[in-house]
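Residue strings, one per chain:
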Amino acid sequence: MRFLNLFRLVSMFLLVVFAATTLNFFLPRLIGTDPVAERISAIAETGGGNVDIEAMSQAYRERLGLGDTLWSQYLSYLGDIARFDFGFSIANYPVTVNELMAQALPWTIGLMLTATLIAFAIGSLLGALTVWPHAPRIFANLTPAIMVLGAIPFYILGLLLIDIFAFRLGWFPIGGGYPIGARPAVTFDFALDVLRHAMLPGLSIVLAAIGVWALQMRGMIVTVLGEDYVTFAEAKGVRPTRLFFRYGMRNAILPQLTTLALTFGQIVTGAVLVEVVFGYPGLGTLLFQSIGYSDFFVIQGVVFVLVLTVAISMLIMDIVLPILDPRLRG
Amino acid sequence: MTTVTSMSADLDADPAIDRVPSDAAPVLQVEGLAVDFFADGRTVHAVRGVSFDLAKGRRLGVVGESGSGKTTTALALMRMIKAPGRIVSGRATVGGTDLFALSDAEMRMERMRTVSYIPQGAMNSLNPVYRIEEQFFDAMIDHGDGASRSDLRLRVAEALASVDLPSDVMRLYPHELSGGMKQRVCIAIGIILSPKLIIADEPTSALDVITQRQVMSTLDKVQNRIGAAMILIGHDIGLMAQSVDELMVMRDGVIEERGSIDRIFAVPEAAYTKLLIDSVPVFDRKPARAKAQAAATSDAAPLLELSGVSKTYGTSIFSKGKIALHPMSLRMPSDRPSIVAIVGQSGSGKTTLGQLALGLLPPTTGTIRFAGAPVTGLSARDQRSFRRDVQAIFQDPYSSFNPFYKVDHAFTVPLKELGFGISGQARSELIAEACAQVGLDPTLILGRFPHELSGGQRQRLMVARALILKPRLIVADEPVSMVDASQRASILANVQALKDNYSISVIYITHDLATAYQVSDFVIVLQNGHVVEAGPPEDVIGASKHPYTRLLINSIPWPDPNRPWASADELDNGPAAPSGAETFAPALHSFSGGVELEVPE
């Protein structure tokens, strides 16, 4: 029965990935721009000279496999995806999509994943404390501030932080993932630099997301507070901290986790604006630039990573939630 | 906490409160307890001038309707009144400890060690994400019992044994236990630190009669074992008669009457007490009703016809499933209305039978026909006409209404959806008329939100809502089990009137044989999906032949302190699962009133 359930979950996972991958193939092609033409006109502008535009465009198309029918392109695309081969970047030929993503991915994961997890932890705790009856009164008074934070988009918050901490106070760098001129290396100094650069974008995400997590948690705790098991736990003379964590938080966090899994999928999309505002060398910036060049293959690669993140995090939640909630075990 | 004694002084002079003599010094003394709730600039006096005391080993029953202040009194003794409520005056001592003078931290330590609270609604009283043992450990560790897990487990096993549960229950999760088992676990938690006072707040209100009897005898046993005083809170005065030494009747936050249980049942002083006692349905007080005419053969298709119907849940390639209802056939006549009661414990298949009749569940085998037409696989149009003809009244009047809409919504939607071409003034008049028919004043009820009405009012509205569509059959699933005792009689009268005044047939599903006896023409007793006895109530309930029916009857807490309740022996030796021989004789049975029941071989 357990095995069967796992089989069901994995099949569902594969189906979701397949459907999203298919959409991912057709959607960029509906935009109607010709990436090869854009690329060649860009070369023509910069390179100058007498370029045989027809021959060059033909060569590009053949090399990139854009000359085939849509259907055969789709089939070979599916085959490539199965091998995690996304081909070459049109804009940066002959650099492969995998190479571009490999450069960008660590930055995005390091920044966005960490910031999301920190925001989740602080936000959930804070939200719970705003309505918990035994919590210090200061937390209840924080609610309006949390609502304001939750309402400000993080890129606006980001601009505000840049203005105050980077521009006026000069405490943190204005943008980038590491100092211009520094070579990425595994040294303490470089790590410190990376941390300094990640501070402001990270803070803008954490601050904005805390509000959302806190408000959701607040609602859940209100529901849990009305449950009989909380009343009975109090009647059992359980310590207030135990009551809070084991009876309140432990039950209220369950729906939050599903939201967290969905949020992981938005890490990359969410990264677009933050990374663009802060000039951060992550997947968001890569996606933003690729859309500008209609670079199908890079878009496909990034979106595939995105789909995979959502699907994998949902799969993990489907497996983890029954461990946390015995009622879900079949 | 300030102590005000002036209130209790004049209550002491009240002649209705007689001091029950007791040799032992009282373990609990409450004087002039008052609790106020502050809301919207108004002050609601939830409890006023409550004074009583209770000796070791004694049991005090507190009875009253919802809102009478009985649970508030209990929570005040636990110091668990939530804002905006507050204990405004009074004094409560347990074994010399002044509860209201303690700090919050000190009071926490007294909970469970001195005063235990066994909550209402045991269904939800255990934390769903932890094993049973953890729920014991939490309390034990926080009272300084930091012994090793294996030592704690030994004590948990002992506590579980004292409530007749095997020790492996501790490794299970709450959702793996039945309602009765959960309630026993709550009792075991409540007594593990041997408190001086146990407060049991409606500990059996969600359980069927047999389980209720078993849980009450467990409670009785553990109380005697640890020698604690006990306060039993409830709304069922019959249960009080069978369980307590002294009774305190509360209404609107004050004590109406207090005295020994024998005295109160012999000579109730307050008119309200008398009303409560009289409102309990018993067999010998059956309202006069017309004797059903002799069965006349009729050519018309039966109103409802179940042929060889059975229901099995959870069948898959891996599992044979669980049989909820074994094959049976039932015919209700169309030429004259009848009330058929389906009785049994939870899990007996009675609700399944009701859902099948409503067409909400497809039968596993057999066919169900309403007025000659099958009820499953209907076209959208036939479905609507079937819905109009067959209406339901459910158990829980609190969740039957959509809380976002005014109660009128529950009337207007079916009127619109089910194709009554009326609107505006005519519709309002129809709704008002339906309210009046169930004894509600439409001007006071309509235009209000569900939360503004009492459970009894809401349930009567549900009857009115079913009535307004002029159906031919109503399936009422435990319609009175969640409403206050004083409201039950009038709702049952409403149900009776459906048949007598509006010629509507009723399937009345209940675990309460007394009400089944009162309203029905025909009773079917189900046990584990088998029909074990059936026939007119005078035979089935008045002179029952099957041991299971007798067990159900004997488990009813009779509102008479001198009539013995089913003994623990009887419960233990009661029939478990019926074997073939014990079930109803397989044959076709015709009964007066035209109801026919057939149980195949």
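Numbering of residues starts from 1 in each chain and follows the order in which that chain's sequence is written. To read the labels, note that chains go from A and ligands from 1, taken in the order they are written. Local features in this predicted model are restricted to residues of pLDDT 70 or higher, and side-chain atom pairs are both shown and tallied only at a pLDDT of 80 or more, whereas totals for entire chains, interfaces and linings draw on every residue. Note that water and hydrogens are dropped before the side-chain values are worked out from all heavy atoms of the structure.

**What to know about the interface of chain A and chain B**
Note the cut-off: Whether two residues are in contact is decided by their heavy atoms, any of which lying within 4.5 Å being enough. In short, buried area is how much 1.4 Å probe accessible area vanishes from two parts on joining, totalled over both. The term salt bridge refers to a pairing of a side-chain nitrogen on Lys or Arg with a carboxyl oxygen on Asp or Glu at a separation within 4 Å. As used in this structure description, the phrase polar contact means that two N or O atoms lie within 3.5 Å; if the pair is within protein, one of them must be able to donate a hydrogen and the other to accept it, and residues adjacent in sequence are counted only when both atoms belong to side chains. Going along the chain from the N terminus, every DSSP run of H or I of four or more residues is numbered as a helix, and every run of E of two or more is numbered as a strand.
The partner chain B presents 29 residues to the 25 residues of chain A that form the contact. In total, chain A and chain B occlude about 2500 Å² of area from one another, counting both sides; carbon and sulfur atoms represent 55% of this. When residues of chain A are sorted by the area they lose upon contact with chain B, Phe232, Lys236 and Arg246 of chain A head the list and together hold 25% of the total. At the boundary of chain A and chain B, one finds 6 salt bridges. Arg239 of chain A is the partner of Asp142 of chain B in a salt bridge, and the nearest nitrogen-oxygen pair spans 3.3 Å. Here chain A and chain B share 13 residue pairs in polar contact (both at pLDDT 80 or more) between them. For the side of chain A that touches chain B, the secondary structure elements donating two or more residues are α9 (228-235) and α10 (240-278) of chain A.

**Re the packing of helix α11 (residues 283-292) of chain A against helix α12 (residues 296-324) of chain A**
All names here are of chain A. We count it as follows: Between the N-to-C directions of two axes lies an angle of 0 to 180 degrees, each axis being a line fitted to C-alpha atoms and, for a helix, fitted only over the stretch in contact. Each crossing gets its handedness from the near helix: less than a right angle anticlockwise from the far helix is left-handed, clockwise is right-handed. Any residue outside Ala, Val, Leu, Ile, Met, Phe, Trp, Tyr, Cys, Pro, Asp, Glu, Lys and Arg is labelled polar, Gly included; the first ten of those are nonpolar and the last four are charged.
Contact geometry of α11 with α12 gives a least axis separation of 9 Å together with a crossing angle of 145 degrees. For the pair α11 and α12, the sense of crossing is left-handed. Only Val298, Ile299, Val302 and Val305 of α12 make contact with α11, whose side of the interface consists of Leu283, Leu286, Leu287, Ser290 and Ile291. Split by residue class, the contact of α11 with α12 holds 8 nonpolar, 1 polar and no charged.

**Some details on the confidence of the model for chain A**
Our working rule: Known as pLDDT, the predictor's confidence for each residue is given on a scale from 0 to 100.
Of the residues in chain A, 91% have a pLDDT of 70 or more, and the chain-wide mean is 82. Averaged pLDDT values for the elements of chain A fall to 68 in helix α2 (residues 35-47) of chain A and rise to 91 in α9 of chain A.

**As for the sheet that holds strand β6 (residues 115-118) of chain B**
Residues and elements named next belong to chain B. For clarity, the threshold we go by: Following DSSP output, two strands are said to pair if at least two bridges run between them.
Pairing in this open sheet of 6 strands is mixed, and the strands run β6-β7-β8-β3-β9-β10 from one edge to the other. Whereas interior strands pair on both sides, the edge strands pair on one side only; in this sheet they are β6 and β10 (254-260). Ignoring strand direction, the axes of neighbouring strands in this sheet form an average angle of 15 degrees. Of the strands in this sheet, β6 and β7 (197-201) touch helix α6 (residues 179-191), which is tilted by about 170 degrees from β6.

**Here's the deal with the pairing of strand β2 (residues 42-55) of chain B**
Residue and element names in this part refer to chain B. Bridge count for strand β1 (residues 26-39) against β2 is 10 bridges, and the pairing is antiparallel. Pairing of Gln29 across the sheet is with Asp53, part of β2. Between the end of β1 and the start of β2, which pair antiparallel, lie 2 residues, with Asp40 showing a positive phi angle near 50 degrees.

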